[in-house]
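Structure assessment
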Amino acid sequence: MTVHENMRVYCPVCQAKFRFAPGWKEGDVVICPICGQKLRLKRSGDEWTGDRPEKGTEKEIRERVDEYARLKVFVFNDMKEELVQGLLAKNRRFGDFYCPCRMEHVPEFMCPCKPTRGGDVERNGKCYCGLYWKKV
Ligand SMILES: [Zn+2]
């Protein structure tokens, strides 16, 4: 199979597509460079998507939160654990890891939420919740 330069992988967490890297194949586990989610590559026809190998688990959200901060070079403060507990509570009540500080449980507010992915931390010094902080 030829890997074309314009191939993209759809991430079900941030609902965006990122570039398929040379050498990747079906079943490989990769990190979404947009939201930090761990994904197992899956092909259907010409489309690539990623499964969430540990969907809904505490391990998944803790890894995603840490990976996203690592990717963006953001830091945490001592509120981190409380906010992660809030994410776990949202998952128990609403079926996924929605922002603990927002009332709407929609895909845009799955952590890291769309405003965060769109530059809120860079602009405001922190995300809406104060989970992710700009490094000073
Ligand atoms: Zn993603």
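Residues numbered from 1 in each chain as written. Predicted model: local features only at pLDDT ≥ 70, side-chain atom pairs only at ≥ 80, totals over all residues. Heavy atoms only, no water.

**Overview of helix α2 (residues 80-94)**
For α2, built from 15 residues, the straight-helix expectation of 21 Å at 1.5 Å per residue is met to within 8% by its first-to-last C-alpha distance of 21 Å. In the core, the buried residues of α2 are packed alongside α1 (58-72). Of the residues flanking the end of α2, it is G95, one or two places downstream, whose phi is positive at about 90 degrees. (Helix = DSSP H or I, 4+ residues; strand = E, 2+ residues; numbered from the N terminus. Expected span 1.5 Å × (residues − 1). Contact = heavy atoms within 4.5 Å.)

**A word on the domain arrangement of the chain**
Along its sequence, the chain is carved into domain 1 (8-51) and domain 2 (58-134). Relative to domain 2, the C-alpha centre of domain 1 lies at a distance of 21 Å. With 12 residues of domain 1 in contact, the opposing surface of domain 2 contributes 12 residues. For the pair domain 1 and domain 2, the summed buried surface comes to about 890 Å²; carbon and sulfur atoms form 53% of the total. It is V13, C35 and Q37 that lose the most area in domain 1 upon contact with domain 2, and together they represent 41% of the buried surface on that side. Between domain 1 and domain 2 we count one salt bridge in total. Note that E63 is salt-bridged to K38, the shortest N-O span being 3.1 Å. (Domains from an automatic or database assignment. Buried area = accessible area lost by both parts, 1.4 Å probe. Salt bridge = Lys/Arg side-chain N within 4 Å of Asp/Glu carboxyl O.)

**Comments concerning the pairing of strand β5 (residues 47-51)**
Two strands pair when backbone bridges link them, and strand β1 (residues 8-11) and β5 are joined in this way by two bridges, in the parallel orientation. For Y10, the partnering residue across the bridge sits in β5 and is T49. Bridging between strand β4 (residues 38-44) and β5 involves five bridges; their strand directions are antiparallel. Bridge pairing in β5 links R43 to W48. If you look at the hairpin formed by β4 and β5, you'll find two residues sitting between the two strands, and G45 has a positive phi there, around 65 degrees. (Pairing = 2+ DSSP bridges.)

**Regarding the coordination of the zinc ion**
Listed as protein donors to the zinc ion are C11 (SG), C14 (SG), C32 (SG) and C35 (SG); their distances from the metal cover 2.3 Å. With four donor atoms in place around the zinc ion and angles of 105 to 117 degrees between them, the coordination shape is tetrahedral. Donor residues for the zinc ion, ordered by position in the chain, follow C-x2-C-x17-C-x2-C. The pair C11 / C14 is uniform in exposure class, with both members buried. (Donors = N, O, S within 2.8 Å, 3.2 Å for Na, K, Ca; no water. Tetrahedral: all angles 85-135°; square planar, octahedral: opposite > 155°, others 65-115°. Buried < 20%, exposed > 50% of the residue type's maximum accessible area, 1.4 Å probe, protein only.)

**Looking at the environment of V75**
With respect to the helices and strands, V75 occurs in strand β6 (residues 74-75). V75 gets classed as partly exposed once you look at its relative accessible area, which sits at 31%. Linking V75 and L39, residues 36 residues apart in sequence, is a C-alpha distance of 23 Å. Other than its neighbours up to four places away in sequence, V75 contacts L131, Y132, W133, K134 and K135.

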